[in-house]
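# Results of the structural survey
Here are the chains, one letter per residue:
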Amino acid sequence: AQGLQVAIDGPASAGKSTVAKIVAQRFSYVYVDTGAMYRTITLVALEAQVDLTNEAQIMNLLQQTQITFRPGEPVQHVFANQTEVTNAIRSETVTNNVSTVAALPQVRSALVKRQQEIAADGGVVMDGRDIGTTVLPNAEVKIFLIASVEQRAERRYLENQAKGITTSLSDLQTEIAERDYKDSHRAVSPLQKAQDAVEIDTTTLTINQVVAKIAQLIDEKL
Ligand code: C5P
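Cut-off values and rules
- Residues numbered from 1 in each chain as written.
- Predicted model: local features only at pLDDT ≥ 70, side-chain atom pairs only at ≥ 80, totals over all residues.
- Heavy atoms only, no water.
- Helix = DSSP H or I, 4+ residues; strand = E, 2+ residues; numbered from the N terminus.
- Rg over C-alpha atoms; globule rule 2.2 N^0.38 Å.
- Buried < 20%, exposed > 50% of the residue type's maximum accessible area, 1.4 Å probe, protein only.
- Contact = heavy atoms within 4.5 Å.
- Areas by Shrake-Rupley, 256 points an atom, 1.4 Å probe, with all protein chains shown as cover.
- UniProt positions renumbered as here; feature names shortened; annotations may be inferred.
- Pairing = 2+ DSSP bridges.
- Axes fitted to C-alpha atoms, helices over the stretch in contact; angles between N-to-C directions.
- Near = heavy atom within 4 Å.
- Polar contact = N/O pair within 3.5 Å; in protein donor to acceptor, adjacent residues only side chain to side chain.
- Nonpolar A, V, L, I, M, F, W, Y, C, P; charged D, E, K, R; others polar.

## Re the overall build of the protein
On a plain count of helices and strands, the protein comes out with nine helices and eight strands. In terms of overall size, the protein behaves like a compact globule, its C-alpha atoms giving a radius of gyration of 17 Å where 222 residues would be expected to give roughly 17 Å. C-alpha extents for the protein along the principal axes are approximately 50 × 40 × 35 Å. The proportion of buried residues among the 222 residues of the protein is 48%. Within the protein, contacts between residues at least 6 apart in sequence are counted, and of these 74% link residues at least 24 apart. Accessible surface computed for the protein: about 11,000 Å², of which carbon and sulfur atoms make up 49%.

## What to know about the UniProt feature "binding site: ATP" (unreviewed entry) in the protein
Mapped onto the present numbering, the UniProt feature "binding site: ATP" (unreviewed entry) falls at G10, P11, A12, S13, A14, G15, K16, S17 and T18. Along the chain, the position of A12 falls in the loop between β1 (5-9) and α1 (16-27). Discounting chain neighbours no more than four positions away, the residues touching A12 are R129, R152, I176, R179 and D180. Along the chain, K16 falls in helix α1. The contacts of K16, once residues within four sequence positions are left out, are I8, D9, G10, P11, D127, G128, R129 and L145.

## Looking at the sheet that holds strand β2 (residues 30-33)
Pairing is parallel across the open sheet formed by five strands, whose spatial order is β2-β6-β1-β7-β8. Two strands close off the open sheet at either side, each with one partner strand: β2 and β8 (198-201). Strand-to-strand twist of the sheet, defined as the mean angle between neighbouring strand axes without regard to direction, takes the value 20°. One ladder, built from four bridges, connects β2 with strand β6 (residues 124-128); its direction is parallel.

## What about the environment of L136?
Secondary-structure assignment places L136 in the loop between α6 (131-135) and β7 (141-146). Along the backbone, L136 and V112 are 24 residues apart, and their C-alpha atoms lie at a distance of 9.2 Å. Excluding its chain neighbours within four sequence positions, the residues that come into contact with L136 are Q5, A119, M126, I131 and K142.

## Here we look at the pairing of strand β4 (residues 77-80)
Judged from the four bridges that link them, strand β3 (residues 67-70) and β4 form a sheet pairing that is antiparallel. Each bridged residue has a counterpart across the sheet, and for R70 the counterpart in β4 is H77. With antiparallel pairing between neighbouring strands as the criterion, β3 and β4 make up a hairpin whose turn holds six residues. Alignment of β4 against strand β5 (residues 83-84), held across two bridges, turns out to be antiparallel. Among the inter-strand pairings, A80 is bridged to a residue of β5, identified as T83. Taken together, β4 and the strand that follows it, β5, pair antiparallel across an intervening segment of two residues, in which N81 is found at a positive phi of about 50°.

## Quick look at the site of the ligand
Around the ligand, the structure places 16 residues, and the nearest of them are R39, R108, D130, D183 and R186. The side chain of R39 places a nitrogen or oxygen atom 2.7 Å from an oxygen atom of the ligand. Measuring from an oxygen atom of the ligand, one finds a side-chain N or O atom of D183 at 2.7 Å. For the ligand, whose accessible area on its own is 460 Å², the fraction buried by protein is 96%. Those elements that provide at least two residues to the shell around the ligand are α2 (34-47), α4 (92-102) and α8 (169-185). Looking at the shell around the ligand, its residues break down into four nonpolar, four polar and eight charged.

Right, here's the structure in full:
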(Lines give C-alpha, C1' and ligand atoms only; values in the text may rest on other atoms or scores of the structure.)
Protein backbone atom coordinates (compact mmCIF):
# COMPACT_ATOMS: atom_id res chain seq x y z
CA ALA A 1 0.00 0.00 0.00
CA GLN A 2 1.01 3.60 -0.54
CA GLY A 3 2.26 5.60 2.42
CA LEU A 4 0.11 8.21 4.11
CA GLN A 5 0.40 11.97 4.13
CA VAL A 6 1.24 13.21 7.63
CA ALA A 7 0.88 16.96 8.29
CA ILE A 8 2.56 18.51 11.33
CA ASP A 9 1.84 22.18 12.01
CA GLY A 10 2.34 24.49 14.94
CA PRO A 11 4.04 27.65 16.18
CA ALA A 12 7.78 28.34 16.13
CA SER A 13 10.08 26.01 18.09
CA ALA A 14 7.34 23.65 19.23
CA GLY A 15 9.55 20.71 18.24
CA LYS A 16 7.93 20.00 14.87
CA SER A 17 11.05 19.27 12.85
CA THR A 18 12.62 17.06 15.53
CA VAL A 19 9.61 14.78 15.83
CA ALA A 20 8.67 14.95 12.14
CA LYS A 21 12.10 13.67 11.20
CA ILE A 22 11.99 10.75 13.66
CA VAL A 23 8.45 9.79 12.64
CA ALA A 24 9.48 9.84 8.96
CA GLN A 25 12.43 7.55 9.70
CA ARG A 26 10.26 5.13 11.62
CA PHE A 27 7.82 4.69 8.72
CA SER A 28 10.45 5.11 5.96
CA TYR A 29 8.60 8.21 4.76
CA VAL A 30 10.13 11.31 3.19
CA TYR A 31 10.52 14.24 5.58
CA VAL A 32 9.82 17.68 4.13
CA ASP A 33 10.72 20.80 6.12
CA THR A 34 8.63 23.50 4.45
CA GLY A 35 10.00 26.19 6.80
CA ALA A 36 13.42 25.57 5.21
CA MET A 37 11.93 26.53 1.83
CA TYR A 38 10.62 29.88 3.15
CA ARG A 39 13.95 30.41 4.95
CA THR A 40 15.93 29.72 1.76
CA ILE A 41 14.08 32.26 -0.38
CA THR A 42 14.43 34.76 2.49
CA LEU A 43 18.20 34.19 2.56
CA VAL A 44 18.45 34.55 -1.21
CA ALA A 45 16.45 37.81 -1.08
CA LEU A 46 18.57 39.20 1.78
CA GLU A 47 21.77 38.37 -0.11
CA ALA A 48 20.42 40.03 -3.26
CA GLN A 49 19.52 43.04 -1.07
CA VAL A 50 16.02 43.32 -2.44
CA ASP A 51 13.25 44.92 -0.43
CA LEU A 52 11.53 42.03 1.36
CA THR A 53 8.11 43.38 0.51
CA ASN A 54 8.89 43.61 -3.22
CA GLU A 55 6.96 40.57 -4.32
CA ALA A 56 7.84 40.82 -8.05
CA GLN A 57 11.57 40.86 -7.34
CA ILE A 58 11.33 38.03 -4.84
CA MET A 59 9.27 35.95 -7.29
CA ASN A 60 11.94 36.56 -9.88
CA LEU A 61 14.59 35.24 -7.48
CA LEU A 62 12.40 32.27 -6.52
CA GLN A 63 11.99 31.29 -10.17
CA GLN A 64 15.77 31.15 -10.48
CA THR A 65 16.28 29.19 -7.27
CA GLN A 66 16.09 25.42 -7.15
CA ILE A 67 15.60 24.46 -3.48
CA THR A 68 16.69 20.90 -2.79
CA PHE A 69 17.11 18.64 0.23
CA ARG A 70 19.63 15.87 0.80
CA PRO A 71 19.49 13.44 3.69
CA GLY A 72 21.92 14.11 6.53
CA GLU A 73 22.50 13.73 10.26
CA PRO A 74 21.60 15.33 12.56
CA VAL A 75 19.90 17.66 10.08
CA GLN A 76 18.97 17.47 6.41
CA HIS A 77 21.20 19.42 4.02
CA VAL A 78 19.49 22.25 2.18
CA PHE A 79 20.70 23.71 -1.12
CA ALA A 80 19.82 26.84 -3.08
CA ASN A 81 20.92 25.81 -6.56
CA GLN A 82 24.50 24.54 -6.02
CA THR A 83 25.09 26.37 -2.72
CA GLU A 84 24.62 24.65 0.62
CA VAL A 85 22.52 26.88 2.91
CA THR A 86 21.85 24.42 5.76
CA ASN A 87 23.36 26.65 8.45
CA ALA A 88 22.86 30.03 6.82
CA ILE A 89 19.06 29.67 6.79
CA ARG A 90 19.07 29.30 10.62
CA SER A 91 20.75 32.67 11.24
CA GLU A 92 19.03 35.26 13.44
CA THR A 93 18.68 37.59 10.46
CA VAL A 94 16.84 34.99 8.40
CA THR A 95 14.74 33.92 11.40
CA ASN A 96 13.66 37.48 12.10
CA ASN A 97 12.78 38.25 8.46
CA VAL A 98 11.25 35.02 7.20
CA SER A 99 7.68 35.84 8.29
CA THR A 100 7.71 38.95 6.10
CA VAL A 101 8.61 36.94 3.00
CA ALA A 102 6.28 34.09 3.97
CA ALA A 103 3.35 36.52 4.00
CA LEU A 104 3.72 37.25 0.26
CA PRO A 105 0.80 35.49 -1.53
CA GLN A 106 2.66 34.61 -4.75
CA VAL A 107 5.62 33.21 -2.83
CA ARG A 108 3.22 31.05 -0.87
CA SER A 109 1.37 29.74 -3.88
CA ALA A 110 4.62 28.86 -5.68
CA LEU A 111 6.05 27.02 -2.66
CA VAL A 112 2.73 25.32 -1.84
CA LYS A 113 2.65 23.98 -5.40
CA ARG A 114 6.17 22.52 -5.01
CA GLN A 115 5.19 21.00 -1.67
CA GLN A 116 2.07 19.40 -3.13
CA GLU A 117 4.13 17.87 -5.94
CA ILE A 118 6.58 16.36 -3.44
CA ALA A 119 3.72 14.91 -1.35
CA ALA A 120 1.56 13.71 -4.24
CA ASP A 121 2.47 10.04 -3.90
CA GLY A 122 2.12 9.91 -0.11
CA GLY A 123 4.66 8.40 2.25
CA VAL A 124 5.51 11.87 3.49
CA VAL A 125 5.78 13.73 6.79
CA MET A 126 5.60 17.47 6.12
CA ASP A 127 6.01 20.13 8.78
CA GLY A 128 5.08 23.80 8.59
CA ARG A 129 2.30 26.23 9.44
CA ASP A 130 -0.38 25.58 6.79
CA ILE A 131 0.13 21.94 5.85
CA GLY A 132 -3.11 20.59 7.34
CA THR A 133 -5.17 23.59 6.25
CA THR A 134 -3.83 24.42 2.78
CA VAL A 135 -1.01 22.27 1.42
CA LEU A 136 -2.43 18.82 2.20
CA PRO A 137 -6.07 19.33 3.21
CA ASN A 138 -6.70 15.59 2.66
CA ALA A 139 -3.76 14.36 4.76
CA GLU A 140 -4.77 11.20 6.61
CA VAL A 141 -2.98 12.32 9.79
CA LYS A 142 -2.89 15.95 10.94
CA ILE A 143 -1.06 17.05 14.06
CA PHE A 144 -1.00 20.49 15.66
CA LEU A 145 1.94 20.76 18.05
CA ILE A 146 1.92 23.46 20.70
CA ALA A 147 4.02 24.33 23.76
CA SER A 148 4.24 27.31 26.10
CA VAL A 149 6.31 30.23 24.84
CA GLU A 150 8.59 29.88 27.90
CA GLN A 151 9.28 26.25 27.11
CA ARG A 152 9.91 27.00 23.44
CA ALA A 153 12.32 29.83 24.27
CA GLU A 154 14.16 27.56 26.66
CA ARG A 155 14.55 24.84 24.01
CA ARG A 156 15.87 27.41 21.55
CA TYR A 157 18.22 28.73 24.26
CA LEU A 158 19.69 25.27 24.88
CA GLU A 159 20.03 24.63 21.13
CA ASN A 160 21.91 27.89 20.75
CA GLN A 161 24.11 27.11 23.74
CA ALA A 162 25.04 23.77 22.17
CA LYS A 163 26.09 25.70 19.05
CA GLY A 164 28.16 28.06 21.20
CA ILE A 165 25.79 31.00 20.72
CA THR A 166 24.80 32.98 23.81
CA THR A 167 21.36 34.56 23.63
CA SER A 168 19.09 36.10 26.23
CA LEU A 169 16.10 34.01 27.19
CA SER A 170 13.81 37.03 27.22
CA ASP A 171 14.97 38.12 23.74
CA LEU A 172 14.16 34.63 22.47
CA GLN A 173 10.70 34.76 24.06
CA THR A 174 10.01 38.10 22.38
CA GLU A 175 11.27 36.85 19.00
CA ILE A 176 9.19 33.69 19.14
CA ALA A 177 6.06 35.58 20.21
CA GLU A 178 6.53 38.14 17.42
CA ARG A 179 7.02 35.48 14.76
CA ASP A 180 3.93 33.58 15.95
CA TYR A 181 1.91 36.79 15.86
CA LYS A 182 2.97 37.54 12.28
CA ASP A 183 2.42 33.95 11.13
CA SER A 184 -1.03 33.80 12.76
CA HIS A 185 -2.26 37.16 11.47
CA ARG A 186 -1.22 37.19 7.81
CA ALA A 187 -3.97 37.30 5.20
CA VAL A 188 -3.00 34.16 3.27
CA SER A 189 -3.14 30.76 5.02
CA PRO A 190 -2.21 31.93 8.51
CA LEU A 191 -1.00 29.51 11.17
CA GLN A 192 -4.17 27.82 12.30
CA LYS A 193 -5.14 24.41 13.60
CA ALA A 194 -7.03 22.44 10.95
CA GLN A 195 -10.47 21.37 12.18
CA ASP A 196 -9.54 17.72 11.92
CA ALA A 197 -6.04 18.06 13.43
CA VAL A 198 -5.11 16.40 16.70
CA GLU A 199 -3.56 18.92 19.09
CA ILE A 200 -0.59 17.76 21.15
CA ASP A 201 0.81 20.03 23.86
CA THR A 202 4.49 19.13 24.11
CA THR A 203 5.26 21.39 27.09
CA THR A 204 5.65 18.49 29.52
CA LEU A 205 6.29 15.64 27.06
CA THR A 206 9.60 14.14 25.94
CA ILE A 207 10.44 13.81 22.25
CA ASN A 208 9.85 10.07 22.50
CA GLN A 209 6.42 10.55 24.02
CA VAL A 210 5.39 12.91 21.22
CA VAL A 211 6.76 10.53 18.57
CA ALA A 212 4.87 7.62 20.15
CA LYS A 213 1.56 9.51 20.05
CA ILE A 214 1.98 10.44 16.39
CA ALA A 215 3.12 6.93 15.46
CA GLN A 216 -0.01 5.54 17.11
CA LEU A 217 -2.22 7.89 15.07
CA ILE A 218 -0.47 6.74 11.88
CA ASP A 219 -0.78 3.06 12.83
CA GLU A 220 -4.52 3.54 13.32
CA LYS A 221 -4.84 4.71 9.69
CA LEU A 222 -2.66 2.05 8.10
O1 C5P B 1 9.40 26.02 10.65
P2 C5P B 1 10.31 27.23 10.67
O3 C5P B 1 10.33 27.92 12.01
O4 C5P B 1 11.67 26.97 10.15
O5 C5P B 1 9.61 28.23 9.64
C6 C5P B 1 10.17 29.51 9.38
C7 C5P B 1 9.08 30.47 8.92
O8 C5P B 1 8.59 30.10 7.63
C9 C5P B 1 7.83 30.55 9.79
O10 C5P B 1 7.98 31.43 10.90
C11 C5P B 1 6.78 31.05 8.81
O12 C5P B 1 6.87 32.45 8.64
C13 C5P B 1 7.22 30.41 7.51
N14 C5P B 1 6.47 29.19 7.19
C15 C5P B 1 5.23 29.33 6.61
N16 C5P B 1 4.54 28.23 6.20
C17 C5P B 1 5.07 27.01 6.34
C18 C5P B 1 6.33 26.84 6.96
C19 C5P B 1 7.00 27.96 7.39
O20 C5P B 1 4.74 30.45 6.47
N21 C5P B 1 4.39 25.95 5.89
